Amino acid sequence: MKGRRTCGHIPSPVGVEEFQGLSTLSNDFPFIMVDLFLNRVLVENNWDQDELNTEREIAGILENRILMLFFASAECQQCMEFVPVLNEFFKRLKDPAYIEYPKLLALIYISLDQSEEQQERLLKEMHKKVLFLAFEDPYRRELHAMFKVKDVPTVVVLRPDCSILCPNAVQDICHFGSDCFSNWQESAELIERSFMLNEEFDNLNLRSATDPVRRLKYKTEDDKRKKRWWKLWGTGKDGYKEEEEKDGAWDTERKGGNKGTWRRR
């Protein structure tokens, strides 16, 4: 990949001049990632090609994440050569086989293909967790104009507030691999909840239905020891006396020659 030239200039699509220089890309504009794809349909690149079309579904997969928009075309040879590099980058940050806690990252393929067959050909080479817009969705071209994409491949990296973090990260991905995500994360001031202290979790209100699961998953051993201690302390006040009385009665019956059925211990 190093030293290769891009496939060349791509002309702006007709009829989307109003998107040129769009103010939503300004760092001062109160914009969030979900708004960028609100009322749109995102498709998962899995076998069933599941559609995400509700605000809740889109928010669940894009909110509080760094977003990569991959602009490419199957007819571009360099795009096809870049896809395996991008796949390796993405799976090392998202695939549980490579990383214990997947990063807060999303990747959407924005097709600039001339036919649906070309788009499908490129999607077959991409990771199954990648999202994409359907070929018939005109929003593909609107995004092309909105982000002023002139060459392919282009990977536009966005912060969670939708401001541009990197206008084209292709070279960074090729040269630094998954290590460049740390720089993006720091620049975006992205906080991963998996690294929060346990005391902070105890003081937080539930933010989603999955909060209890996350809290249970990241409970420290110190908390477990505290629970065990409290359980033993509570049993010691009443439970131990009861157990001692039962044990004493059982021993008395045994010594007295009671041949009845012994209570299993």
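Located above this text is the structure these notes cover.
Bear in mind the structure is a predicted one, so any value in this text is a computation, not a measurement. (Residues numbered from 1 in each chain as written. Predicted model: local features only at pLDDT ≥ 70, side-chain atom pairs only at ≥ 80, totals over all residues. Heavy atoms only, no water.)

1. Regarding unusual backbone geometry
How we decide: Secondary structure elements are taken from DSSP: a helix is a run of H or I of four residues or more, a strand is a run of E of two residues or more, and numbering for both begins at the N terminus. Three exposure classes are used, based on accessible area relative to the maximum for each residue type with a 1.4 Å probe and protein chains only: buried under 20%, partly exposed in between, and exposed over 50%.
A cis amide bond links Val152 to the next residue, Pro153, at an omega of 0 degrees. With respect to the helices, strands and loops of the structure, Pro153 is situated in the loop between helix 5 (139-146) and strand 6 (154-158). Not every positive phi belongs to a glycine, and Asn39 is a case in point at roughly 65 degrees. Inspection of the secondary structure puts Asn39 in the loop between helix 1 (33-36) and strand 1 (42-44). Given a relative accessible area of 72%, Asn39 falls into the exposed group. A positive phi angle, close to 80 degrees, is found at Cys162, a residue other than glycine. Along the chain, Cys162 falls in the loop between strand 6 and strand 7 (164-166). Judged by relative accessible area, Cys162 falls into the buried class, the value being 0%.

2. Details of helix 7 (residues 180-188)
Just so we agree on the cut-off: This arc corresponds to the set of directions leading from the helix axis out to the C-beta atoms.
Cys180, Phe181, Trp184, Gln185 and Ala188 are the residues of helix 7 that are buried. Buried residues in helix 7, looked at end-on, bunch into an arc of 145 degrees, giving them a common side. Exposed residues pointing more than 90 degrees away from the buried face of helix 7 are listed as Asn183 and Glu186. At the C-terminal side of helix 7, Glu189 shows a positive phi close to 55 degrees.

3. Notes on the pattern of salt bridges
Condition: Put simply, a salt bridge is a Lys or Arg side-chain nitrogen that is within 4 Å of an Asp or Glu carboxyl oxygen.
Counted under the stated rule, the structure contains 4 salt bridges. The partner of Arg40 in a salt bridge is Asp137, with the nearest N and O atoms 3.7 Å apart. Of this pair, Arg40 sits in the loop between helix 1 and strand 1 while Asp137 sits in the loop between strand 5 (131-133) and helix 5, placing them 97 residues apart in sequence. Residue class for Asp137 comes out buried when judged on its relative accessible area of 14%. Ionic pairing is found between Arg92 and Glu88, a salt bridge with its closest N-O pair at 2.6 Å. Of this pair, Arg92 and Glu88 both sit in helix 3 (residues 77-94), 4 residues apart, roughly one helical turn. Relative accessible area serves as the criterion here: at 28%, Glu88 is assigned to the partly exposed category. It is possible to trace a salt-bridge network through shared partners that takes in Arg40, Asp137 and Glu142.

4. A look at the sheet that holds strand 4 (residues 105-111)
Our working rule: Strands were regarded as paired on the criterion that DSSP finds at least two bridges between them. Contacts: residue pairs with any heavy atoms within 4.5 Å of one another. To define axes, lines are fitted to C-alpha atoms, for helices over the stretch in contact only, and angles between the resulting N-to-C directions are given on a 0 to 180 degree scale.
Read from one edge to the other, the open sheet built from 7 strands follows the order 2-1-5-4-3-6-7, with strand pairing classed as mixed. The open sheet terminates on both sides in strands that have one partner only, identified here as strand 2 (51-52) and strand 7. Sheet analysis places strand 3 (residues 66-72) next to strand 4, joined by 7 bridges and oriented parallel. Bridged to Met68 within strand 4 is Leu107. Those strands touched by helix 7 are strand 3, strand 4, strand 6 and strand 7, and its axis lies near 125 degrees from that of strand 3.

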